[in-house]
Amino acid sequence: MIDKRMEDAINKQINEELYSAYLYLSMSAWFESIGLKGFANWMMVQFKEEMDHAMKFYNYLNSQGATVKLMAIQEPPHEWESPLHAFEETLKHEQHITKCINELVDLAEELKDRATYNMLQWFINEQVEEEENDREIIDMLKMVEGSKHGIFMIDKELGQRQYTPEA
Ligand code: OFO
């Protein structure tokens, strides 16, 4: 049993996570189009992780006997000024998602909804990791200052990232 306010807030969060997936898929397509396959791979893994996040909330609502309501997903941008710009936008977006998760935690506390509060702990930790990953890549990109050789080396490294499905 879940409060209607929490049900609505989680449905909104499903939409936020699906938009995240859409945004990173769009970034993956853009990186492919400029020949940076390693960056494209990194974003493709991120897309899959965001789908997992959306499904975590989706499954949670179902397990609580609540109703999932899917909403229209906003159109993401299709291009960025540079790899650095794309990752700065990624970090900005993740900071927004962290704020959304924190607001869900506040609501769970207000409603004394222990089950949702408990489920959200995973997302709190995940957001720390997401922001940290983005900051690391931004630092690397700033270090190479757009040099072709530097971007090539980072592309090689980001090409190693592998998707691990959520247990
Ligand atoms: Fe779902 O963590 Fe990124 O957006």
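Each chain carries its own residue numbering, running from 1 in the direction its sequence is written. The predicted nature of this model means local features are confined to residues of pLDDT at least 70 and side-chain atom pairs, given and counted, to a pLDDT of 80 or more, with totals for whole chains, interfaces and linings taken over all residues. Side-chain numbers come from the whole structure's heavy atoms, not from hydrogens or water.

(A) Here's a closer look at the overall build of the chain. Along its length, the chain carries five helices and zero strands. On the principal axes, the C-alpha backbone points of the chain span a range of 55 × 25 × 25 Å. Evaluated residue by residue, the chain yields a buried proportion of 46% over its 167 residues. Pairs of residues are marked as contacts when any of their non-hydrogen atoms sit within 4.5 Å. The contacts in the chain between residues at least 6 apart in sequence include a share of 83% that link residues at least 24 apart. Throughout, the Shrake-Rupley method with a 1.4 Å probe supplies accessible areas, and for residues the shown protein chains are the sole cover considered. When the accessible surface of the chain is totalled, it reaches about 9,300 Å², and 53% of it is carbon and sulfur. Each helix is a run of H or I in the DSSP string that is no shorter than four residues. Each strand is a run of E no shorter than two, and both are numbered from the N terminus. Each residue's exposure class comes from its accessible area (1.4 Å probe, protein chains only) as a fraction of the maximum for that residue type: buried when under 20%, exposed when over 50%, partly exposed otherwise.

(B) Region of the structure containing the packing of aromatic side chains. Pairs were defined over the aromatic rings of Phe, Tyr and Trp, the Trp ring being its six-membered one, requiring ring centres within 6.5 Å. Orientation was assigned from the angle between planes: stacked under 30 degrees, edge-to-face over 60, tilted for the rest. Counted according to the given criterion, the structure contains eight aromatic pairs. When the ring of Phe-57 is compared with that of Phe-123, the centres are 4.1 Å apart and the planes differ by 15°; the resulting orientation is stacked. Taken as a pair, Phe-57 in helix α2 (residues 37-63) and Phe-123 in helix α4 (residues 114-144) lie far apart in primary sequence, 66 residues in all. An aromatic cluster is present here, built from Trp-30, Phe-31, Phe-39, Trp-42, Trp-80 and Phe-87 joined pairwise through their rings. The lysine or arginine in question, Lys-56, covers the ring of Trp-122, its NZ or CZ lying 4.2 Å from the ring centre. Whether a charge sits over a ring depends on NZ of Lys or CZ of Arg being within 6 Å of the ring centre and within 35 degrees of the ring normal. Positioned above the aromatic ring of Trp-42 is the side chain of Arg-161, whose terminal nitrogen or guanidinium carbon lies 4.3 Å from the ring centre.

(C) Layout of the nonpolar core. Among buried residues, the Ala, Val, Leu, Ile, Met, Phe, Trp, Tyr and Cys ones that are joined through side-chain atoms within 4.5 Å form a nonpolar core. The biggest cluster of nonpolar side chains holds 23 residues, and the ones touching the most others in it are Met-27, Phe-31, Phe-39, Met-43, Phe-87, Leu-141 and Leu-158. Secondary structure elements with two or more residues in this core: α1 (4-33), α2, α3 (83-110), α4 and α5 (148-158). Sort the elements by how many residues they give to this core and α1 lands first, with seven residues. Leave out the neighbours within four places in its chain, and Phe-31 touches Leu-36, Phe-39, Ala-40, Met-43, Pro-83, Ala-86 and Phe-87. Ile-10, Phe-57, Ala-108 and Met-119 belong to the second largest nonpolar core, which has 20 residues in total.

(D) Summary view of the packing of α2 against α5. Viewed as axis vectors pointing N to C, α2 and α5 meet at an angle of 40°, and their least axial separation amounts to 7 Å. Of the possible angle classes, the one that applies to α2 and α5 is oblique. At the point where α2 passes α5, the crossing takes the left-handed sense. Contact residues: Lys-37, Gly-38, Phe-39, Asn-41 and Trp-42 in α2; Ile-151, Ile-154, Asp-155 and Leu-158 in α5. Only the contacting stretch of a helix is used when fitting its axis, a line to C-alpha atoms as for every element, and angles between N-to-C directions run 0 to 180 degrees. An angle below 35 degrees is treated as roughly parallel, one above 145 as roughly antiparallel, one from 65 to 115 as roughly perpendicular, and anything else as oblique. The crossing is said to be left-handed when, going from far helix to near helix, the turn is anticlockwise and less than a right angle, and right-handed when the turn is clockwise.

(E) Region of the structure containing the environment of Phe-31. Tracing the backbone shows Phe-31 in helix α1. Classification of Phe-31 by relative accessible area gives buried; the value is 0%.

(F) View of a negative patch on the surface. For patch detection, residues must exceed 30% relative accessible area and be free of salt bridges, and they are connected within 9 Å for like charges or within 5 Å for nonpolar side chains (Val, Leu, Ile, Met, Phe, Trp, Tyr). Any carboxyl oxygen of Asp or Glu within 4 Å of a side-chain nitrogen of Lys or Arg constitutes a salt bridge here. When charges are counted, neither His nor the chain ends are considered; positive counts come from Lys and Arg and negative counts from Asp and Glu. Where a charge lies is defined by one atom per residue type, namely NZ (Lys), CZ (Arg), CG (Asp) and CD (Glu). There is a patch of like negative charges on the surface, built from Glu-129, Glu-132, Glu-136, Asp-139 and Glu-157. The element that contributes the greatest number of residues to the negative patch is α4, accounting for four residues. In this structure, Glu-136 sits in helix α4. Residue class for Glu-136 comes out partly exposed when judged on its relative accessible area of 45%.

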